[in-house]
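Each chain is listed here by its residues.
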Amino acid sequence: MATTAVGQPLSRVDARRKVTGTATYSAEHRIEGLLYGVIVNGTVARGTVSRISVDAALGHPGVLHVLTDFGKLQLAHPVDRLAFYGQPIAVVVAETLEAATHGASLVEATYERQDAVTDFDDPDIPSQTPEDEPDYSRGDPAGALASAQVKVDLELTSARENHNPIELPSTIARWQDGRLTLWDKTQWSQGAARTVAGALGIAVTDVRVHNEFLGGGFGSGIQTYDHVVLAAFAAREVNRPVKVVLTRRQFYYGTGFRPASRHRMTLGSTAAGRVSALVYEVRIENARYRTYTDGLTDLPKFLYGVPNTSTAYRITPIDVHSPASMRGPGVVLGNFALETAMDQLAHELAVDPVELRLCNEPTQDEVSQLPFSTRKLRECYETGARRFGWSRRRAEPGSRTDGDLLIGMGMATASYHNNRRDSSARARIHADGTAEVFAASADMGPGTTTSVMQVAADALGLPASAVTFRLGDSSYPTAPLHAAACTMASVGSAAHTTCTALKAEFIRRAVADPNSPLHGANPADVQVRDGQLETSGARDTYRDILRRAGLPSLDITGNWGPGDADTRISTYGYGAVFAEVSVDPLLGLVRVRRIFAAYDVGRVISPKLAHSQAIGGMVGGIGMALLEGTVTDHRDGRIVNASLADYLVPVNADVLDLDAAFINTEDPQADPIGVKGLGEITIVGVAPAIGNAVFNATGKRLTDLPIRPEALL
């Protein structure tokens, strides 16, 4: 049956609510008897609180409680000592936000300080090999490098990056009859419920989390941080609902970040451009109290057909908050190292960067030895190069100008694993012919509410206007975290499977009902369009089937999971990113003139939303390449630029001409709706494409992110 909703450029179903201010975000719920909590942060990176004075705060009008004893809480870090600058040491609860804020400023603490290290380049701190990132090797990398005709050996760095979505971390906690309800800005309502239940020592069934609307996440809402637990703890202690909203500055202290990294990428090649050896070593900062890793080595050992490859992943534990996922986690940094080195190799070989990549295309996944489900990277290169005008690029760096400006073009490959996880959904058709689908997913901005609705509408044979996808409630059927580009493949597949089963149940009832016009028909011959079941000229409807049965609705809960698919196929998304920059040689100022990318991400459910995702990823990549970097005062671990006045992010003037196209493909081996993840891959190739364009413009190979003007002077 031809689809009617999937593939259509529909507008977001919640767009009007968002632009008119009627969408209710976590901090905006009106809860009777609400109090306000403000967290007091410690000001040393390592040590203990020897004394804390709360009398002045309690004496301030409107302040009701100051909570300082967190000893019974199970948090991710120690509660009896300070493990990072900004660790919560108290919560002030008051009748108004103003009173709580001023009360927090009156809390005084003295500390027993211990020697702390917050600089992960400190030579006295040994690095470690994390258990989940063992060293990898195939072939003979050392021997292949020794015999290589051409070698590239680069050292690269990236600064720490902090999340800066529009909506701040915010939680409202309310207890009723021993049960906890949270309105929380989280990307994983069921994960938050489990974490809070564990921290408080209560049953997870006694916690319900609402998160219908999120004002951006990018990874900042995957983990459940202290402020969520402390809001719940404070509400229980004072026996009234409590709201906690972090300030922008506290956001930098109280949640994770993309860790700073140090890379060494070495490539060996024949004179004809066949890469024979790759050696990649990377190190990232970590907290002492918790190990964090992500997939930095994934693409270097996978993306090209290099027979002799080794990777080594190291972490350096220091006295900081634990890092966390940020859009394109890990992969975006490993790819920066790889694609920068590939561009340098292309320059030294005097070959086109696209041609170098094409001649190193693998025939299978060299890591798993599995066949690719789909890999239309060649089509991405061809489409991207044609649409971008790559043929106008001049290979000689610094040879193209526009007045006093140097103009350069660069490109990079992008890829990201197609993550699919077990998920469930409940589908319900009402007596009026409308339908609802439920899953405990979230929508931090990509349009999940709309795209899953499109899948469900087609599976049910209903118009899109008749179907509503409901999410943002931990009591709904199980869904994975809204991250890792897994939502559409996982939740969308669960919705498709469940809605298909519900449609089949209606067909079964109709052909078995003597009063149905379809009685006795072959179920396989029945088609459903616009809520009408039809075969051989006979028609029935969802409405009539429910009316005859005397039912107000009929629903089914179903499950979907990838099973053993990843033992049989290698499934990734792919892309080719092309960038043009101008560089002012007198000021060292880099401006991105335009970016175009072509992607193979399987079936595109909603073209308008997919294009929006691509543009958003490009904006994040511009920030990574040119602007974003967290600065730490290593005397105490304080973040110096913890505000949007000092931490630079792209603004409208930085994003002049961004565009993307999608290769027409599906991946039916990966999931029943043929999709591959889109949210992460769109940032992956942007920073190296920009860096490579800067090299083409200036002849300077810059390997430190972000690219600073002073590096070009």
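We now turn to the structure provided with this report. (Residues numbered from 1 in each chain as written. Predicted model: local features only at pLDDT ≥ 70, side-chain atom pairs only at ≥ 80, totals over all residues. Heavy atoms only, no water.)

1. Remarks on the side chain of D513
Moving on, step 1. Within the secondary structure layout, D513 lies in the loop between α13 (487–512) and β22 (527–529).
Moving on, step 2. Of the residues examined, D513 reaches a relative accessible area of 19% and is grouped as buried.
Moving on, step 3. Here R548 takes part through its side chain, which lies 2.8 Å from a polar atom of the side chain of D513.
Moving on, step 4. Apart from the residues within four sequence positions on either side, D513 is in contact with H519 and R548. (Helix = DSSP H or I, 4+ residues; strand = E, 2+ residues; numbered from the N terminus. Buried < 20%, exposed > 50% of the residue type's maximum accessible area, 1.4 Å probe, protein only. Polar contact = N/O pair within 3.5 Å; in protein donor to acceptor, adjacent residues only side chain to side chain. Contact = heavy atoms within 4.5 Å.)

2. Focus: the sheet that holds strand β30 (residues 658–662)
Sheet strands line up and pair through hydrogen bonds in the backbone, either parallel or antiparallel.
Moving on, step 1. Taken in spatial order, the five strands line up as β17-β18-β26-β27-β30 in an open sheet, and their pairing is mixed. Two strands close off the open sheet at either side, each with one partner strand: β17 (401–402) and β30.
Moving on, step 2. The strands touched by helix α11 (residues 377–388) within the sheet are β18 (405–417), β26 (572–584), β27 (589–600) and β30, with β26 carrying the most contacts at an inclination of about 30°.
Moving on, step 3. Sheet contacts for helix α15 (residues 607–627): β27 and β30; angle to β30, the most-contacted strand, approximately 130°. (Pairing = 2+ DSSP bridges. Axes fitted to C-alpha atoms, helices over the stretch in contact; angles between N-to-C directions.)

3. A few points about the sheet that holds strand β25 (residues 553–560)
Moving on, step 1. With mixed pairing, the four strands of this open sheet are ordered in space as β21-β20-β19-β25. Of all the strands in the sheet, just β21 (467–470) and β25 have a single pairing partner and so form its edges. Direction aside, neighbouring strands of the sheet carry axes that sit 15° apart on average.
Moving on, step 2. Two elements, strand β19 (residues 423–430) and strand β20 (residues 435–438), share four bridges in a ladder whose sense is antiparallel. For I429, the partnering residue across the bridge sits in β20 and is A435.
Moving on, step 3. Strands β19, β20 and β21 of the sheet are contacted by helix α12 (residues 448–460), whose axis makes an angle of about 130° with β21.
Moving on, step 4. Packing against the sheet, α13 makes contact with β19, β20, β21 and β25, and its axis sits at approximately 135° to β25.

4. Quick notes on the packing of α12 against α13
Moving on, step 1. Interaxial distance between α12 and α13 falls to 8 Å at its minimum, and their mutual angle equals 30°. On the basis of the axis angle, α12 is roughly parallel to α13. α12 and α13 meet at a crossing whose hand is right-handed. Within the contact between the two elements, α12 uses T448, S451, V452, V455, A456, A459 and L460 and α13 uses T487, M488, V491, G492, A495, H496, C499, T500, L502 and K503.
Moving on, step 2. Of the residues contributing to the contact of α12 with α13, the split by class is 10 nonpolar, six polar and one charged. (Parallel < 35°, antiparallel > 145°, perpendicular 65-115°, else oblique. Left-handed = near helix turned anticlockwise from the far one by under 90°. Nonpolar A, V, L, I, M, F, W, Y, C, P; charged D, E, K, R; others polar.)

5. Let's talk about unusual backbone geometry
Moving on, step 1. Cis rather than trans, the peptide bond between L705 and P706 has omega equal to 0°.
Moving on, step 2. Mapping P706 onto the fold places it in the segment after β31 (704–705).
Moving on, step 3. Positive phi outside glycine occurs at D530, with the angle close to 50°.
Moving on, step 4. With a phi angle near 50°, S536 is a residue other than glycine that sits in the positive phi range.
Moving on, step 5. Tracing the sequence through the fold places S536 in the loop between β23 (532–535) and β24 (538–541).

Bear in mind that shape data such as this cannot, by itself, settle questions of function.
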